[in-house]
Amino acid sequence: MIVRLGEIAREGWTPSLRPLNSGGIGNTIDARLGIAENNLAIADTAQWEIKSHRVGSASLLTLFHTEPEPRAARVVPQLLLPMYGWPHQRPRVPGELSFRQTLRATQLTDRGFGLEIDADGAQVRVNFDAESVDTRHRNWLQSVERRVGLGPLDPQPYWPIQTLFLTAQTKMLNTFYVEAYTRRQRGEEFFAIERVTVLQGFELDRFANALRQGNAQVDFDARTTHNHGTKFRIRQNIVPQLYRYAEIAIGPFQRPG
């Protein structure tokens, strides 16, 4: 893998197969390496995951997708969306609702949602505090009161830490972290690899600390007609801190001309 990635890095500017897609670099590298595209929660090469980042981008890295417990309650389509959702700006069907929130443990959203990690670190939970809702959402809050009341979420969505560990272990145990420069030319995107870092030993305690510090977050992205999935995401520069072992395997290269 290091040899093949090094060959791509030494080529310099490489056209992205998906120039308008945030995952275009990763998709292109996968294709060059002969890795079939899939949405399965397993590492790209069965043992190694490939994650890419555009140098200078403030975008977040998606670590993995996992829906909250209790699974039998289907809390996103059966609770959060119908009881706490708001009208979608571009509805596909009449009355379509949206529930898009980015939750952190360090602050509540303007609609009163946030994360907490219990004292013994066993669970990550979703909270709702009606008193913290911004006055801009007064009408929405009144609709929530009519639909379900303004008390705590019931059931309260959560993730057992052990479940997150198993998900991460399956998907993120060992990672090639590819950082790349990008540029656009005649409507196409090109990338050039700056460096590749080998990361091994994803540790859940480090991930839990990233959540506590607000460096990792949970994204809900659901609408009446489709749930795009619940994502655990993290600031790009924090990724190496999640692993016991990190070593630069390729580069760093300067931005080619």
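Refer to the structure presented above.
All of the points below concern the structure found in this document. Residue numbers here run from 1 along each chain, matching the order of that chain's written sequence. Residues qualify for local features only when their pLDDT is at least 70, as the model is predicted, and side-chain atom pairs are given and counted only at 80 or more; totals for whole chains, interfaces and linings, by contrast, use all residues. Side-chain numbers come from the whole structure's heavy atoms, not from hydrogens or water.

Digging into the layout of surface pockets
Piece 1. Every definition here rests on a 1 Å grid over the protein atoms only: cavities are sets of points where a 1.4 Å probe fits but cannot get out, pockets are open sets enclosed by protein on both sides within 12 Å along at least five of seven lines, and lining residues have some atom within 4 Å of a point. Grid points are joined across faces, edges and corners, and a volume is the space filled by probe spheres set on the points. Put simply, the second largest pocket is a space of about 190 Å³.
Piece 2. Surrounding the second largest pocket, W86, P87, H88, Q89, R90, S98, R100 and R223 form its lining.
Piece 3. Under the DSSP-based scheme used, a helix requires at least four consecutive residues in state H or I and a strand at least two consecutive residues in state E, with every element numbered from the N terminus. Every element with two or more residues in the lining of the second largest pocket is listed here: β4 (86-87) and β5 (97-103).
Piece 4. Polarity classes work like this: nonpolar for Ala, Val, Leu, Ile, Met, Phe, Trp, Tyr, Cys and Pro, charged for Asp, Glu, Lys and Arg, and polar for all others, with Gly in that last group. Residue composition of the lining of the second largest pocket, grouped by class: two nonpolar, three polar and three charged.

Let's talk about the sheet that holds strand β6 (residues 113-117)
Piece 1. Strands qualify as paired when DSSP identifies two bridges or more between them. Pairing is antiparallel in the open sheet, where three strands are placed in the order β6-β7-β8. Unpaired on one side and paired on the other, β6 and β8 (158-160) mark the two borders of the sheet. Here the strands of the sheet are splayed against their neighbours by 20 degrees on average, with no regard to which way each runs.
Piece 2. Bridging between β6 and strand β7 (residues 123-128) involves five bridges; their strand directions are antiparallel. In the sheet register, F113 faces β7, and the bridge partner there is F128. Structural elements are reduced to axes, namely lines fitted to C-alpha atoms, with helices fitted over the stretch in contact, and the angle between N-to-C directions of any two is expressed from 0 to 180 degrees.

Re the packing of helix α3 (residues 75-84) against helix α4 (residues 138-147)
Between two packed helices, the angle of one axis relative to the other and the distance separating the axes together describe the packing.
Piece 1. Packing of α3 against α4 leaves a shortest axis separation of 9 Å and a crossing angle of 130 degrees. With respect to each other, α3 and α4 are oriented oblique. Judged by residue contacts, L81, P82, M83 and Y84 of α3 engage W140, V144 and R147 from α4.
Piece 2. When its residues are assigned to classes, the contact of α3 with α4 shows six nonpolar, no polar and one charged. Orientation categories follow fixed angle ranges, with anything under 35 degrees roughly parallel, anything over 145 roughly antiparallel, 65 to 115 roughly perpendicular, and all other angles oblique. In what follows, residue pairs with any heavy atoms lying within 4.5 Å of each other are defined as contacts.

Things to note about the nonpolar core
Piece 1. Counting residues in hydrophobic clusters, the biggest one holds 47 residues, and the most contacted among them are Y84 and F207.
Piece 2. Sorting elements by how many residues they give to this core places α3 first, with six residues.
Piece 3. What Y84 contacts, discounting residues up to four positions off in sequence, is L79, F99, F113, F128, W140, V144, R147, V148, G149, G151, P152 and L153.
Piece 4. Of all hydrophobic cores here, the second largest spans 17 residues; its members include I8, A180, F191 and V198. Nonpolar cores are built from buried Ala, Val, Leu, Ile, Met, Phe, Trp, Tyr and Cys residues. Side-chain atoms within 4.5 Å join them into one set. Each residue's exposure class comes from its accessible area (1.4 Å probe, protein chains only) as a fraction of the maximum for that residue type: buried when under 20%, exposed when over 50%, partly exposed otherwise.

All we've got here are geometric facts, nothing functional implied.
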